[in-house]
Amino acid sequence: MRGWIRTRRDSKAGLSFLAVNDGSAFDSLQVVAPSSLPNYADGVLKLSTGCSVICTGQLVQSQGKGQSVEVQATKVEVLGLVDNPDTYPVQPKQHTLEFLREVAHLRPRTNTFGAISRTRHCIAQAIHRFFHEQGFVWVNTPIITASDAEGAGQMFRVSTLDLSNLPRDDKGKLDFHKDFFGKETFLTVSGQLNVEAYCLALSKVYTFGPTFRAENSNTARHLAEFWMIEPEIAFADLAADAQLAEDFLKYVFKAVLNERQDDLKFFVERHDKSVVTRLEQFVGSSFERIDYTKAIEILEKSGQKFEYAPKWGADLQTEHERYLVEKHVGRPVVVMNYPEAIKAFYMRMNEDERTVAAMDVLAPGIGEIIGGSQREERLDLLDKRMAKMKLNPDHYQWYRDLRRYGTVPHAGFGLGFERLVVYVCGLQNIRDAIPYPRAPGQAEF
RNA sequence: UCCCUGAUAGCUCAGCUGGUAGAGCGGGUGACUGUUAAUCACCAUGUCCCUGGUUCGAGUCCAGGUCAGGGAGCCA
């Protein structure tokens, strides 16, 4: 047994009980260290929370209550002591998550972050497995990009220029020809446009990789660096997209329910009582599908007082989404066909010429969890929308090519991986769903 | 970025209307016990976030700043 000490309890019967954890499961293993060990006094009795050990012995049925098995140690090798136990930050007690964020290098040694890490891994594996089983190809879209995708938010600049001596052109403007890529480049805010090209060749594809947003938004739902999943399917419409989203989420949640019972039990005890029932209800229910226009009607007729009155043409507020999901329907809802003005240029124009084939999947207890759309595959209509939104077609030539050469109806959606982790684990803050959170003013570790 | 709240021991916090600091947990020491975040006793611990101001005197009041949390906007 190789791992780190969680607690040590001594018995004057000539024994010490070591709770040793190696992160492979939620529970620690109890190692019984007898005082007859040669290093008992100067080794075992010096062990405190956080020390690393290698214990050798026999796994036997436990003679005490509280665990089924334990190790009767014949050897306890102390690898690393804790310098000063008085200041070791991770104590065998409940810490606040805020405090643990300040010790991000040691928080994986806590019950909470061990459980989150294993669950995060389980979710990631389930996602890849789901797509793989369905015949999807994982496509790694570029992290450095020259396009600003859909104009979705602020981007991080990527440059090797000397900030203290920037090259200028005749007009005094920055000369990016001198930069590494010979043009302005940024970290990606979405792999969607790139993955569409692969979709229109491999039929079923997805991205799963890091994504960056430089917006100065400091909330429990935002990270500057996060992981995003974006499936894209060819020969598909919005209904197929919604069905994929439903199958996808249910598959992932089922996997967590099956594989991480130990960690889920802990989340229920310490973080969110409703974690397991919420996931069970989610996988057991069929999603309601509802048009945006209908949703506005429902909200208007609800008699509910909203801070912002629901109005056709405006985006749904968080309070609106919560009412729809939690009060009106009571299970996951897919809201479809939004007004074109509030949605991105690449979303497919509907026959009514006022809405586009966009969808949001709303889940009880969190709100929007997935956003997607059928893409505009008709070049003339795509150009029309780009013009309307004042996008420069020159920047999207290769994207327009996809509509010129063998275009087909296709659709996809995107979801933030950490938001999924937050939902599954019952967390409050997205900064606890990723090992080293990056946020405005926060790039420690 | 805006609004609100907060920052006191290693951690979680208390400290009333201004009079230079306390508890629980953790740590150390000892006792006790096949123990379970053990129990009991004793011991130690502080730039009261920073800078300035008011005052005889500031953890406490005022101003500015930094950081954090909650909410909003934006979004994944």
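Scroll up a little and you will see the structure.
All figures in this text were calculated on a predicted structure; none of them were measured in a lab.

Focus: the overall build of chain A
Right, so step 1: Along the backbone of chain A there are 11 helices and 16 strands.
Right, so step 2: With respect to the three principal axes, the spread of C-alpha positions in chain A is 85 × 60 × 45 Å.
Right, so step 3: Of all 445 residues assigned to chain A, the portion counted as buried reaches 48%.
Right, so step 4: In chain A, the proportion of contacts linking residues at least 24 apart, taken out of those at least 6 apart, comes to 66%.

Remarks on the pairing of strand β14 (residues 355-363)
Right, so step 1: Counting buried positions over the 9 residues of β14 gives 9, a clear majority of the element.
Right, so step 2: By the bridge criterion, 6 bridges tie strand β13 (residues 333-339) to β14 in an arrangement that is antiparallel. Paired with Tyr 338 across the two strands is Val 356, which belongs to β14.

Observations regarding the sheet that holds strand β5 (residues 69-80)
Right, so step 1: The sheet built from 5 strands closes into a barrel, its strands ordered β1-β2-β3-β5-β4 with mixed pairing. Strand-to-strand twist of the sheet, defined as the mean angle between neighbouring strand axes without regard to direction, takes the value 45 degrees.
Right, so step 2: Inspection of the sheet shows strand β4 (residues 52-61) paired to β5 by 10 bridges, in the antiparallel sense. For Ser 52, the partnering residue across the bridge sits in β5 and is Gly 80.

A word on helix α7 (residues 292-301)
Right, so step 1: Of all the positions in α7, only Tyr 292, Ala 295, Ile 296, Ile 298 and Leu 299 are classed as buried. Looking straight down α7, one finds its buried side chains confined to an arc of 160 degrees; they lie on one side.
Right, so step 2: Packing partners of the buried residues in α7 comprise β12 (288-291), α8 (318-329) and β13.
Right, so step 3: Following α7 by one or two positions, Gly 303 adopts a phi angle in the positive range, close to 75 degrees.

Overview of the nonpolar core
Right, so step 1: Counting residues in each nonpolar core, the largest one holds 83 residues, and the members touching the most others are Val 76, Ile 127, Phe 248, Leu 249, Phe 253, Met 359 and Ile 370.
Right, so step 2: If one sorts the elements of this core by residue count, helix α4 (residues 238-259) sits on top with 11 residues.
Right, so step 3: Not counting residues up to four positions away in its chain, the partners in contact with Phe 253 are Leu 279, Phe 282, Val 283, Leu 420, Tyr 423 and Val 424.

Points about the pairing of strand β3 (residues 29-34)
Right, so step 1: With 5 of 6 residues buried, β3 is to be regarded as a mostly interior element.
Right, so step 2: Here 6 bridges tie strand β2 (residues 15-21) to β3, and the two strands are oriented antiparallel to one another. Bridged to Val 20 within β3 is Leu 29.
Right, so step 3: Examined bridge by bridge, β3 and β5 share 2 bridges and lie parallel to one another. Residue pairing for β5: Val 31 is matched across the bridge by Val 71.

What about the packing of α4 against helix α6 (residues 275-284)?
Right, so step 1: At a minimum axis separation of 9 Å, α4 and α6 run at an interaxial angle of 140 degrees. Classed by the angle they form, the pair α4 and α6 counts as oblique. Read as a crossing pair, α4 and α6 show a hand that is left-handed. Of α6, the residues touching α4 (which contributes Leu 249, Lys 250, Phe 253, Lys 254 and Leu 257) are Val 276, Leu 279, Glu 280, Phe 282 and Val 283.
Right, so step 2: For the contact of α4 with α6, the per-class residue count stands at 7 nonpolar, no polar and 3 charged.

Regarding α8
Right, so step 1: Taking 1.5 Å of rise per residue, 12 residues should cover 16 Å, and α8 covers 15 Å from first to last C-alpha, within 8% of that figure.
Right, so step 2: Those residues of α8 hidden inside the fold are in contact with α7, β13, β14 and β15 (367-374).

Regarding unusual backbone geometry
Right, so step 1: Residue Phe 235 is not a glycine yet carries a positive backbone phi of 55 degrees.
Right, so step 2: Within the secondary structure, Phe 235 sits in the loop between β11 (225-234) and α4.
Right, so step 3: Taking the relative accessible area as the measure of exposure, Phe 235 reaches 63% and is therefore exposed.
Right, so step 4: Although it is not a glycine, Asn 337 sits at a positive phi angle of roughly 65 degrees.
Right, so step 5: Tracing the chain through its elements places Asn 337 in strand β13.

Examining the protein's contact with RNA strand B
Right, so step 1: RNA strand B sits among 48 residues. The nearest are Lys 65, Lys 93, Asn 216, Thr 219 and Arg 419.
Right, so step 2: When the atoms of RNA strand B within 4 Å of the protein are grouped by moiety, sugar and phosphate amount to 41% of the total.
Right, so step 3: Lys 93 places a polar side-chain atom, nitrogen or oxygen, 2.4 Å from a base oxygen of RNA strand B.
Right, so step 4: For the surface near RNA strand B, the secondary structure elements donating two or more residues are β1 (2-11), β2, β3, β5, α1 (97-101), β11 and β16 (410-416).
Right, so step 5: Here the surface near RNA strand B is built from residues that sort into 12 nonpolar, 21 polar and 15 charged.

What counts as what
- Residues numbered from 1 in each chain as written.
- Chains lettered and ligands numbered in written order.
- Predicted model: local features only at pLDDT ≥ 70, side-chain atom pairs only at ≥ 80, totals over all residues.
- Heavy atoms only, no water.
- Helix = DSSP H or I, 4+ residues; strand = E, 2+ residues; numbered from the N terminus.
- Buried < 20%, exposed > 50% of the residue type's maximum accessible area, 1.4 Å probe, protein only.
- Contact = heavy atoms within 4.5 Å.
- Pairing = 2+ DSSP bridges.
- Axes fitted to C-alpha atoms, helices over the stretch in contact; angles between N-to-C directions.
- Arc of directions from axis to C-beta.
- Core = buried A, V, L, I, M, F, W, Y, C linked by side-chain atoms within 4.5 Å.
- Parallel < 35°, antiparallel > 145°, perpendicular 65-115°, else oblique.
- Left-handed = near helix turned anticlockwise from the far one by under 90°.
- Nonpolar A, V, L, I, M, F, W, Y, C, P; charged D, E, K, R; others polar.
- Expected span 1.5 Å × (residues − 1).
- Near = heavy atom within 4 Å.
- Polar contact = N/O pair within 3.5 Å; in protein donor to acceptor, adjacent residues only side chain to side chain.

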